[in-house]
Amino acid sequence: MKVTIVGAGNVGATCADALAHRRIASEVVLLDIRENFAEGKALDMMQTATLNGFNTCIAGSTNDYAKTANSDVVVITSGIPRKPGMTREELIGINAGIVKNVSESLLKYSPNAVFVIVSNPMDTMTYLALKETKLPKNRIIGMGGILDSSRFRCYLSLALNCPANDVDGMVIGGHGDTTMIPLTRLASYKGVPVSQFLSAEELKKVSADTMVGGATLTGMLGTSAWYAPGAAVATLVDSIVNDQKRLFPCCVYLDGEYGQKDICLGVPVIVGKNGWEKIVDVKLNEEEKTSFAKSAEAVRNMNNVLSSVTN
Ligand SMILES: NC(=O)c1ccc[n+]([C@@H]2O[C@H](COP(=O)([O-])OP(=O)(O)OC[C@H]3O[C@@H](n4cnc5c(N)ncnc54)[C@H](O)[C@@H]3O)[C@@H](O)[C@H]2O)c1
């Protein structure tokens, strides 16, 4: 299986490393606009093959899309982070231009690929990629909820003082500090509701920490995180290329599901070789439904900014 990752920066390169290390793909192409950057990262990773025991072929490319031809999955991580003094409209304008051009180039060489969108603001960039490529909705997936859920499970495990793999939980809604919704009511420790072990106050803190999970790391690192984002993208790609039918919260096009239309937002979906194959209808309570509607409103406002900068 061939996977192309556009953007050989922190997240893209970490994802490529995980795809090889975990033997998820037989061929990975890393593409970047910076001269020789992707080639350098790919060569460095290839030199770990005998050390890490993988046979994945990793190739780099400076903007030559012919090398990405016939990919099964394409991942878009290209974009810039917000810089001091830059308005959100300017950031959206720049990243929208990048995501639009990259999507068109990828589509030309890999018309049958499943597209995974990572660039921020991810919910809006996923919507843009869907509208620009005009691909069937199932083949466009935004990755944000898998990362947010792994942060949620990490904070829950720290509060419970147990291994993170013994904890289950999901974050739905938008991929933003104020738009994501950690579903604490449904989180469990080996199948037992976490509310049996943690107080309402402790759960509130876990939620709050999860929601600012990305911002906390940006404050510590001076740029956004990459280990967990890269691993989260690789986990999503694994479910696609190996047709695992895993259940993840992903950003997908809603056409009435969860009470929303004409928007891409994080909901639980089944992911397999055709992309997202089914939206899972989790029964939300009134409070969760209200949060979801608010999240949709915020993402829709961002999408409206997008139409003002791209028209
Ligand atoms: N969805 C998520 O969960 C999530 C998590 C972390 C980061 N992100 C987002 O992912 C994006 C990448 O983050 P990063 O930390 O890897 O940034 P980075 O700056 O390390 O890497 C971005 C790379 O994109 C390349 N690039 C820019 N324009 C390009 C183009 N037109 N074609 C090809 N390559 C191009 C740059 O040269 C750079 O190497 C950002 O938008 C970031 O906000 C999303």
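Everything quoted here is computed from the prediction, not taken from an experiment.

Peer 1: Got a sec to walk through the overall build of the protein? Specific residues and values, please.
Peer 2: For the protein, the helix and strand inventory stands at 10 helices and 14 strands. For a compact globule of 311 residues, the expected C-alpha radius of gyration is about 19 Å, and the protein comes in at 19 Å, within 12% of that figure. Judged by the C-alpha coordinates and their principal axes, the protein covers about 55 × 50 × 40 Å. When burial is assessed residue by residue, the protein has 50% of its 311 residues classed as buried. The long-range share in the protein, meaning contacts at least 24 apart out of those at least 6 apart in sequence, stands at 68%. Carbon together with sulfur atoms contributes 53% to the accessible area of the protein, which is approximately 14200 Å² in total. Taking the 30 positively charged and 31 negatively charged side chains of the protein as two groups, their mean positions are separated by 2 Å.

Peer 1: Tell me about the sheet that holds strand β11 (residues 192–193), and name the residues and values.
Peer 2: If you walk across this open sheet you meet the 3 strands as β7-β10-β11, and the pairing is antiparallel. The open sheet terminates on both sides in strands that have one partner only, identified here as β7 (167–168) and β11. In the sheet, β7 pairs with strand β10 (residues 188–189) via 2 bridges, with the strands oriented antiparallel. Counterpart to Asp168 in the pairing with β10 is Ser188.

Peer 1: Describe the domain arrangement of the protein, naming the residues involved and giving the relevant values.
Peer 2: In terms of domain boundaries, the protein breaks down into domain 1 (2–144) and domain 2 (145–310). One C-alpha centre belongs to domain 1, the other to domain 2, and the line joining them spans 21 Å. Facing the 37 residues of domain 1 at the interface are 46 residues of domain 2. When the buried area of domain 1 at its contact with domain 2 is split by residue, Asp123, Tyr127 and Met143 rank highest and sum to 18% of it. There are 1 salt bridge connecting domain 1 and domain 2. Measuring nitrogen to oxygen at the nearest pair gives 3.2 Å for the salt bridge that ties Asp262 to Lys131. Taken together, domain 1 and domain 2 are joined by 11 residue pairs in polar contact (both at pLDDT 80 or more). Of all the elements in the fold, those that place two or more residues in the side of domain 1 that touches domain 2 are α1 (10–21), β4 (73–76), α4 (88–109), β5 (114–117), α5 (122–133) and β6 (140–142).

Peer 1: Outline the packing of helix α6 (residues 145–160) against helix α7 (residues 200–211), listing residues and values.
Peer 2: Between α6 and α7, the least distance of the axes is 9 Å, while the angle of their chain directions is 145°. Seen along the crossing, α6 lies across α7 with a hand that is right-handed. Together, Asp148, Arg151, Phe152, Tyr155, Leu156 and Ala159 of α6 and Leu203, Val206, Asp209 and Thr210 of α7 make up the contact between the two elements. Among the residues forming the contact of α6 with α7, the class breakdown is 6 nonpolar, 1 polar and 3 charged.

Peer 1: Explain the packing of α6 against helix α9 (residues 227–241) to me, using residue names and the numbers behind them.
Peer 2: Close contact between α6 and α9 brings their axes to 8 Å; oriented N to C, the two are set at 120°. One finds that α6 runs oblique with respect to α9. Viewed along their axes, α6 and α9 form a crossing whose handedness is right-handed. Mapping the contact onto sequence places Ile146, Leu147 and Arg151 in α6 and Ala228, Pro229, Ala232 and Leu236 in α9.

Peer 1: Mind laying out the site of the ligand, listing which residues take part and the relevant values?
Peer 2: Neighbouring residues of the ligand: 24 residues in total, closest Asn10, Val11, Asp32, Asn120 and Met143. Take Ile33: an N or O atom from its main chain is 3.4 Å from a nitrogen atom of the ligand. Calculation on the ligand without its partners gives an accessible area of 860 Å², and the protein chains cover 86% of this total. Looking at the shell around the ligand residue by residue, the class counts come to 11 nonpolar, 11 polar and 2 charged. Residue-level mapping places the shell around the ligand at the junction of two domains, with at least three residues from each of domain 1 (2–144) and domain 2 (145–310).

Cut-offs and rules
- Along each chain, numbering runs from 1 in the same order as the chain's sequence is written.
- Since the coordinates come from a predicted model, pLDDT governs what is reported: local features require at least 70, and pairs of side-chain atoms require 80 or more to be given and counted, while whole-chain, interface and lining totals use all residues.
- The basis for every side-chain value is the complete set of non-hydrogen atoms in the structure, without hydrogens or water.
- Each helix is a run of H or I in the DSSP string that is no shorter than four residues. Each strand is a run of E no shorter than two, and both are numbered from the N terminus.
- Between the two quantities, the radius of gyration covers C-alpha atoms and the globule rule is 2.2 Å times the number of residues to the power 0.38.
- Working definition: with a 1.4 Å probe on protein chains only, accessible area under 20% of the residue-type maximum means buried, over 50% means exposed, and in between means partly exposed.
- Here a residue-residue contact requires only that any non-hydrogen atoms of the pair lie within 4.5 Å.
- Exposure was quantified through the Shrake-Rupley algorithm and a 1.4 Å probe, taking into account, for residues, occlusion by the shown protein chains and nothing else.
- Charge assignment in this entry is limited to Lys and Arg as positive and Asp and Glu as negative, and neither His nor the chain termini are counted.
- Just so you know, the charge point we use is NZ for Lys, CZ for Arg, CG for Asp and CD for Glu.
- Here, a strand pair is defined by DSSP locating no fewer than two bridges between the strands.
- An automatic or database domain assignment provides the domain bounds reported here.
- By convention, the term buried area covers the 1.4 Å-probe accessible surface removed from two parts as they join, with the contributions of both added.
- A pair is scored as a salt bridge if a Lys or Arg side-chain nitrogen falls within 4 Å of a carboxyl oxygen belonging to Asp or Glu.
- Contacts described as polar in this section are N or O atom pairs within 3.5 Å, which, within protein, must combine one atom able to donate a hydrogen with one able to accept it, while residues neighboring in sequence count only if both atoms come from side chains.
- An axis is simply a line fitted to the C-alpha atoms; with a helix, the fit covers only the stretch in contact. Between two such axes, the angle follows the N-to-C directions and lies from 0 to 180 degrees.
- By the definition used in this description, the sense in which the near helix is turned from the far one sets the handedness, with an anticlockwise turn below a right angle giving left-handed and a clockwise turn giving right-handed.
- Polar here means any residue outside two lists: the nonpolar Ala, Val, Leu, Ile, Met, Phe, Trp, Tyr, Cys and Pro, and the charged Asp, Glu, Lys and Arg; Gly therefore counts as polar.
- Angles below 35 degrees are treated as roughly parallel, those above 145 as roughly antiparallel, those between 65 and 115 as roughly perpendicular, and all remaining angles as oblique.
- Note on terminology: near, applied to a residue and a molecule or strand, indicates that one of the residue's heavy atoms is within 4 Å of it.

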